Amino acid sequence: MTTTFITGANKSLGYETARRLIEAGHTVVVGARDPERGQAAADALGARFVQIDVTDDASVTAAAVDIGAREGGIDVLINNAGVFGTHKSADQLTAADASAVFEVNVVGIVRVTHAFLPLLRKSSNPVIVNVSSGMGSFAATHDVERVEGRALAPLYTASKAAVTMLTTQYAKSWPDVKVNAADPGYTATDFNGHSGPQTVTEGTDAIVELATIGADGPSGTLRDRHGDLAW
């Protein structure tokens, strides 16, 4: 049975990903920063909850130790936890604003991946899915026909571009691990005041697809629900 750990899984895309993977037969461990919300989500899903704050070394280490002791290892790691950050205009952005976004969206992925890689390597088909965004795609953000081309969010977009590049570098570094990035697309979530035209189910299509690839699946790609995305 496939064991999957998902960060930021107490709501929205993370929760729906957990629900769908449980439905597909995965054993899912729900990771969330808030213990009450995380446990409530896990109870509703029929999953196990492990507290994790991706910005805290001790918390991430403790989560990896917990899962190592209980599950023994994992087959799939989904780095879903992320923040949009401030809505300030570009001229008002500060270094502190940037640090807050990159600490979760980029450094958090490095922190969690580093801690969980030994558990992944116990699997015969280790898979990592990093939740990125078309907002981090140069191609998409320069196409005025796409919503990404009309949006302004300097820190969020820069962080997601970094996530995609980090994904490709991890994929090249670890031939034994499938590492891909998923673009959920413009989905109705807390990030956008539930204004996106896609449902959370549609928004998790690429995540679920990449989380369930076989040993001959792709690595180093950025994919949305329609296929590979130029970035």
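The structure this text deals with has already been given above.
Remember, it's a predicted structure, so these values are computed and weren't measured experimentally.

Trainee: Which residues make up the nonpolar core, and what are the values?
Mentor: By size, the foremost hydrophobic cluster in this structure holds 28 residues, and its most contacted members are F5, I67, I74, L77 and F116. Counting only elements with at least two residues in this core, the list comes to α3 (57-70), α4 (95-120) and α6 (154-173). Broken down by element, this core gets its largest block of residues, eight residues, from α4. Sequence-distant contacts of F5, that is, excluding residues within four places in its chain, are made with V29, V30, G31, I52, I67, I74, V76, L77, I78 and F116. Of all hydrophobic cores here, the second largest spans 23 residues; its members include V28, V76, I78 and V131.

Trainee: Explain helix α2 (residues 35-45) residue by residue, including any values.
Mentor: Regarding α2, the residues found buried are G38, A41, A42 and L45. All buried residues of α2 fall inside an arc of 100° around its axis, so they share one side. Every exposed residue of α2 that faces more than 90 degrees away from the buried side is listed here: E36, D43 and A44. On its buried face, α2 sits against α1 (12-23), β2 (27-32) and β3 (48-51).

Trainee: Give a description of the sheet that holds strand β7 (residues 222-224) that names residues and reports values.
Mentor: As summarised here, the arrangement of the eight strands in space is β3-β2-β1-β4-β5-β6-β7-β8, forming an open sheet in which the pairing is mixed. Of all the strands in the sheet, the pair left with one neighbour each is β3 and β8 (227-228). Across three bridges, strand β1 (residues 3-6) lies against strand β4 (residues 76-79) in parallel orientation. Residue pairing across strands places F5 opposite L77, the latter belonging to β4. Running at roughly 170° to β1, α1 makes contact with β1, β2 and β4 of the sheet. Across the sheet, α2 lies against β2 and β3, angled at about 165° from β3, the strand it touches most.

Trainee: Describe the side chain of R48, and please don't skip the residues or the numbers.
Mentor: Here R48 shows up in strand β3. Of the residues examined, R48 reaches a relative accessible area of 16% and is grouped as buried. Here E71 takes part through its side chain, which lies 2.8 Å from a polar atom of the side chain of R48. In this structure, R48 is in contact with V28, V29, V30, A42, D66, I67, R70 and E71, ignoring residues within four places of it in sequence.

Trainee: Requested: an account of the side chain of S159, with residues and values cited.
Mentor: In this structure, S159 sits in helix α6. At a separation of 2.7 Å, a polar atom in the side chain of S159 contacts the main-chain carbonyl oxygen of Y156. Ignoring any residue separated from it by four or fewer positions in sequence, one finds S159 in contact with V101, F102, N105 and V106.

Trainee: Hey, could you go over α1 for me, with residue numbers and the actual values?
Mentor: Between its first and last C-alpha, α1 extends 17 Å over twelve residues, near the 16 Å set by a 1.5 Å rise per residue. Burial in α1 covers these residues: L13, G14, E16, T17, A18, R20 and L21. Residues of α1 that are buried sit in contact with β1, β2, α2, β4, α7 (200-203) and α8 (205-211). Positive backbone phi, approximately 105°, marks G25, located one or two places after α1.

The rules behind each value
Each residue is numbered by its place in its chain's sequence as written, counting from 1. The predicted origin of the model limits local features to residues at a pLDDT of at least 70 and limits the giving and counting of side-chain atom pairs to 80 or more, whereas totals for whole chains, interfaces and linings rest on all residues. Note that the side-chain values use all heavy atoms of the structure and ignore hydrogens as well as water. In these notes, a set of buried Ala, Val, Leu, Ile, Met, Phe, Trp, Tyr and Cys residues joined through side-chain atoms within 4.5 Å is what counts as a nonpolar core. Accessible area is worked out with a 1.4 Å probe on protein chains only. A residue is then buried under 20% of its type maximum, exposed over 50%, and partly exposed in between. Every helix listed is a DSSP run of H or I at least four residues long, and every strand listed is a run of E at least two residues long, numbered separately from the N terminus. The contact rule is simple, with two residues in contact once any of their heavy atoms fall within 4.5 Å. Comment: arc refers to directions from the helix axis out to C-beta atoms. Strand pairing requires that DSSP identify at least two bridges connecting the strands. Angles run from 0 to 180 degrees between N-to-C directions of axes, and those axes are lines fitted to C-alpha atoms, restricted for helices to the stretch in contact. Polar contacts here mean pairs of N or O atoms no more than 3.5 Å apart (in protein, one a potential hydrogen donor and the other a potential acceptor; neighbouring residues in sequence count only if both atoms are side-chain atoms). Helix span, expected: 1.5 Å multiplied by one less than the number of residues in the helix.

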